[in-house]
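# Fold and contact review
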Protein chains: 2
Amino acid sequence: MVKKDQPTKERILEAAKEVFHRKGFDGARMQEIADTAGINKALLHYYFCDKETLFAEVFKTTFENVVMFGMDVFSRNIPFEEKLSIFLDFHISFLRDNSFIPLFILNGIYERPDQLREMMIKNLEIPHLMMGNIMKGLQKEGIEVDSPLQLYINVLSLSIFPVVAKPILSRVFGLSEEQMNAFYEERKKTLPHFIMNAIRKP
Amino acid sequence: MVKKDQPTKERILEAAKEVFHRKGFDGARMQEIADTAGINKALLHYYFCDKETLFAEVFKTTFENVVMFGMDVFSRNIPFEEKLSIFLDFHISFLRDNSFIPLFILNGIYERPDQLREMMIKNLEIPHLMMGNIMKGLQKEGIEVDSPLQLYINVLSLSIFPVVAKPILSRVFGLSEEQMNAFYEERKKTLPHFIMNAIRKP
DNA sequence: GTCTATATGGCGATAGAC
DNA sequence: GTCTATCGCCATATAGAC
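Read on for an overview of the structure. Model, not experiment: these values are computed from the prediction. (Residues numbered from 1 in each chain as written. Chains lettered and ligands numbered in written order. Predicted model: local features only at pLDDT ≥ 70, side-chain atom pairs only at ≥ 80, totals over all residues.)

## A short note on the interface of chain B and chain A
Stated precisely, the cut-off is as follows: Each residue is represented by a C-beta atom placed from its backbone, and any two residues with such atoms within 7 Å are regarded as in contact. Only DSSP runs of H or I with at least four residues qualify as helices, and only runs of E with at least two residues qualify as strands; both kinds are numbered from the N terminus onward. Lys, Arg, Asp and Glu make up the charged group, whereas Ala, Val, Leu, Ile, Met, Phe, Trp, Tyr, Cys and Pro make up the nonpolar group; the residues left over, Gly among them, are polar.
With 43 residues of chain B at the interface, the matching set in chain A holds 43 residues. Those elements that provide at least two residues to the side of chain B that touches chain A are α1 (8–27), α6 (100–111), α7 (113–120), α9 (148–164), α10 (166–172) and α11 (177–199) of chain B. Among the elements that make up the side of chain B that touches chain A, the one with the highest residue count is α9(B) (eleven residues). Among the residues forming the side of chain B that touches chain A, the class breakdown is 29 nonpolar, eight polar and six charged.

So this is what it looks like as structure tokens:
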């Protein structure tokens with residue numbers, strides 16, 4: 001259930017976010033969204049014409065928030081290892097607390113490519129600026145990278161995948177909840193070195 | 001549509017695999033599975049009592065195939081960099097051609113934890129043996145790793161995530177289909193060095 | 001704007017003939 | 001074993017009162 005004092009439209013968006021993130025488009029029920037928002041099912045259609053529209057709205061804001069955070073950190077003017085520390089520290093914790101978000105985004109793209117791809121990034125300059133930024137920053141530190149894109153994707157992979165795959169990993173490797181938590185805390189500490197080692201020429 | 005000459009039960013499993021992999025449990029329709037198998041909807045219930053059972057059957061074999069391949073390669077008695085090359089070369093190609101499989105597995109675990117977690121790995125010794133194997137092999141090469149688990153997860157992350165996220169990456173970074181292919185081919189070549197650099201003590 | 005009641009369609013599952 | 005026909009339910013969406 002969401003807070004009472006917001007305007008109805010906001011409450012619906014909040015509720016839709018909760019339900020869609022957990023269940024995805026197919027799994028989500030308009031009834032559950034209405035219940036979570038503390039209103040009636042018919043009101044959903046009053047504010048958002050149908051389920052698709054509501055989903056698209058939720059998807060858009062979630063996607064933009066997630067992508068923009070990474071872009072922001074890696075565009076700052078600090079040593080690369082520090083960027084890594086800040087990003088991984090926040091990102092791993094954030095994803096652990098919101099572990100449905102990556103799957104929500106990935107599934108959204110596969111299930112409804114047409115509408116969603118349109119809205120994803122209008123402005124291609126932002127990622128390219130960030131790439132240039134990574135490259136220049138590393139040059140100042142005496143590190144030459146062949147492809148800042150590959151590097152950025154490597155960082156995202158190492159950050160996102162282990163959180164998404166948590167239920168599999170814990171099962172396959174027989175780890176308890178505490179062991180998994182220790183596993184993530186260890187990653188926050190070791191990954192920056194791991195990555196810096198990887199890109200420093202021997 | 002699947003081949004005609006197999007027994008019906010096999011055809012159903014084949015068809016179910018196709019549909020479930022692409023659409024997931026909620027998105028899949030028994031009608032579509034029947035059509036793909038070239039048979040009638042009622043026959044599905046004759047061979048597999050309900051949708052859940054059929055899904056569980058598909059999930060089990062897919063999961064075991066995927067997990068076991070990695071375990072196998074990393075248990076061989078060859079230099080670690082060679083293991084990486086073989087694994088990444090096959091894995092990245094395989095995932096690109098079957099890009100729904102990782103999401104199918106991840107979603108399956110989140111959507112139906114109870115039944116699926118049971119079947120995932122009865123034998124916890126296999127992963128532990130593989131870990132020991134990785135550690136011992138690296139020691140022979142003069143490399144000391146603190147945690148073979150972290151290393152293994154890093155390899156999986158770098159391999160799996162970029163393929164799953166392909167539609168996002170191509171959109172966010174404005175890459176064409178050919179550019180994406182080049183991107184993956186480059187990864188196969190550079191990742192083994194990237195990883196070996198990362199774990200060699202400076 | 002918000003509600004109740006209902007239309008409409010689709011889906012999983014079953015009955016029963018062959 | 002395989003089919004056609006159908007039941008019963010549930011989910012999205014709409015009509016219409018307040």
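## Quick word on the protein's contact with DNA strand C
Note the cut-off: As used in this record, a residue near a molecule or strand is one whose C-beta atom, placed from the backbone, is within 6 Å of it.
Taken together, 14 residues are adjacent to DNA strand C, and A:Thr8, A:Asn40, A:Ala42, B:Met30 and B:Asp50 come closest. Among the secondary structure elements, those contributing two or more residues to the surface near DNA strand C are α3 (41–47) of chain A together with α2 (30–37) and α3 (41–47) of chain B. A per-class count over the surface near DNA strand C returns six nonpolar, four polar and four charged.

## Description of the nonpolar core
Quick note on the threshold: A set of buried residues qualifies as a nonpolar core if it consists of Ala, Val, Leu, Ile, Met, Phe, Trp, Tyr and Cys joined through C-beta atoms within 7 Å. Exposure is read from a count of other C-beta atoms within 10 Å of each residue's own; the residue is exposed at 12 or fewer, buried at 20 or more and partly exposed in between. C-beta atoms are placed from the backbone.
With 97 residues, the main nonpolar core has A:Ala16, A:Phe20, B:Ala16 and B:Phe20 as its most contacted residues. Setting aside chain neighbours within four positions, we find A:Phe20 in contact with A:Phe25, A:Ala28, A:Phe55, A:Val58 and A:Phe104.

## Looking at the relation of the copies chain B and chain A
Going by this rule: We superpose the copies by least squares over the C-alpha atoms of residues that have a pLDDT of at least 70 in both of them.
In the superposition of chain B on chain A (RMSD 0.1 Å, axial shift 0.0 Å), the rotation amounts to 180°. Such a combination of rotation and displacement between the chain copies is what one expects of a two-fold axis. Among all C-alpha atoms of chain B, that of B:Ala198 lies closest to the rotation axis, at 2.0 Å. When the interface residues of chain B are mapped onto chain A, 100% of them are again interface residues, pointing to one common binding face.

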